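Observations on chain architecture
Residue-level listing of the chains:
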Amino acid sequence: MGCGSKNKSCNQKSCQRYYNNKAQAFTAAGSVQLDIAGSRVVDTGVSIETNPQSYEIVKPGLYHISADAVVNATTAGDIDFSVFMDGVELPCTFKVATLAAGYTPVHTETDLVINGCCGVNRSITFVVKSVSVAVGSVTQFCSGITKLA
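Here goes a summary of the coordinates provided. (Residues numbered from 1 in each chain as written. Predicted model: local features only at pLDDT ≥ 70, side-chain atom pairs only at ≥ 80, totals over all residues. Heavy atoms only, no water.)

What follows covers the overall build of the protein chain. Counting secondary structure elements, the protein chain contains 0 helices and 13 strands. Reading the helices (α) and strands (β) of the protein chain from amino to carboxyl end gives β-β-β-β-β-β-β-β-β-β-β-β-β. For the protein chain, the C-alpha radius of gyration of 16 Å lies close to 15 Å, the compact-globule estimate for 149 residues. Dimensions along the principal axes, computed over C-alpha positions, put the protein chain at roughly 50 × 25 × 20 Å. A burial count over the protein chain gives 46% of its 149 residues as buried. Sequence-distant contacts, at least 24 apart, represent 75% of the contacts inside the protein chain between residues at least 6 apart. When the accessible area of the protein chain is evaluated, it comes to approximately 7,200 Å², of which 54% is carbon and sulfur surface. Between the centroid of the 11 positive side chains of the protein chain and the centroid of its 11 negative side chains there is a distance of 8 Å. (Helix = DSSP H or I, 4+ residues; strand = E, 2+ residues; numbered from the N terminus. Rg over C-alpha atoms; globule rule 2.2 N^0.38 Å. Buried < 20%, exposed > 50% of the residue type's maximum accessible area, 1.4 Å probe, protein only. Contact = heavy atoms within 4.5 Å. Areas by Shrake-Rupley, 256 points an atom, 1.4 Å probe, with all protein chains shown as cover. Lys, Arg positive; Asp, Glu negative; His and termini not counted. Charge placed at Lys NZ, Arg CZ, Asp CG, Glu CD.)

Here's what the structure looks like:
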């Protein structure tokens, strides 16, 4: 089968994009690592793999990471929305949103260089954290990674 897996070709540009409309709750001063793998939108190439709560970057290169969440607050307050790599928050992805009761969209994105030769294994996760008394759930979550070069 060569360098392809799951009927994917090593000659395709790598892109993974999923959306998840399952409600993912957070409590006051609590956090939730978001489930990624709901419904697949795009799954090409062999540089990125998807797990239920993470993307795994398995080849070095330049990547674009993006995420959109719709948060339904039942108690108003502030939340942080961030992307993590190997458990460490990527500073340029940190977004603060002030929630009123109801729905609030939140977006983050960044570009990231993964160095190495041959195989690497970098885990990308997404977290919503209540930094005050905010309570609610992420009702829609769409995220993706594209290998640019």
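Next comes the rest of the description.
Before going further, it helps to examine unusual backbone geometry. The phi dihedral of Ala29 is positive, around 60 degrees, even though this residue is not glycine. On the basis of relative accessible area, Ala29 is assigned to the exposed category, the value being 61%. Although it is not a glycine, Asp86 adopts a positive phi angle of roughly 50 degrees. Relative to the elements of secondary structure, Asp86 occurs in the loop between strand 8 (77-85) and strand 9 (88-89).

Here the focus is the pairing of strand 7 (residues 61-75). Sheet topology places strand 7 next to strand 11 (residues 102-114); 13 bridges connect them, and they run antiparallel. If you follow Ala67 over to strand 11, its bridge partner there is Thr108. For strand 7 and strand 13 (residues 135-147), the ladder comprises 12 bridges, and the chain directions are antiparallel. Across the sheet, Ala69 pairs through a bridge with Phe141, a residue of strand 13. (Pairing = 2+ DSSP bridges.)

Taken by themselves, the reported measurements are silent on function.
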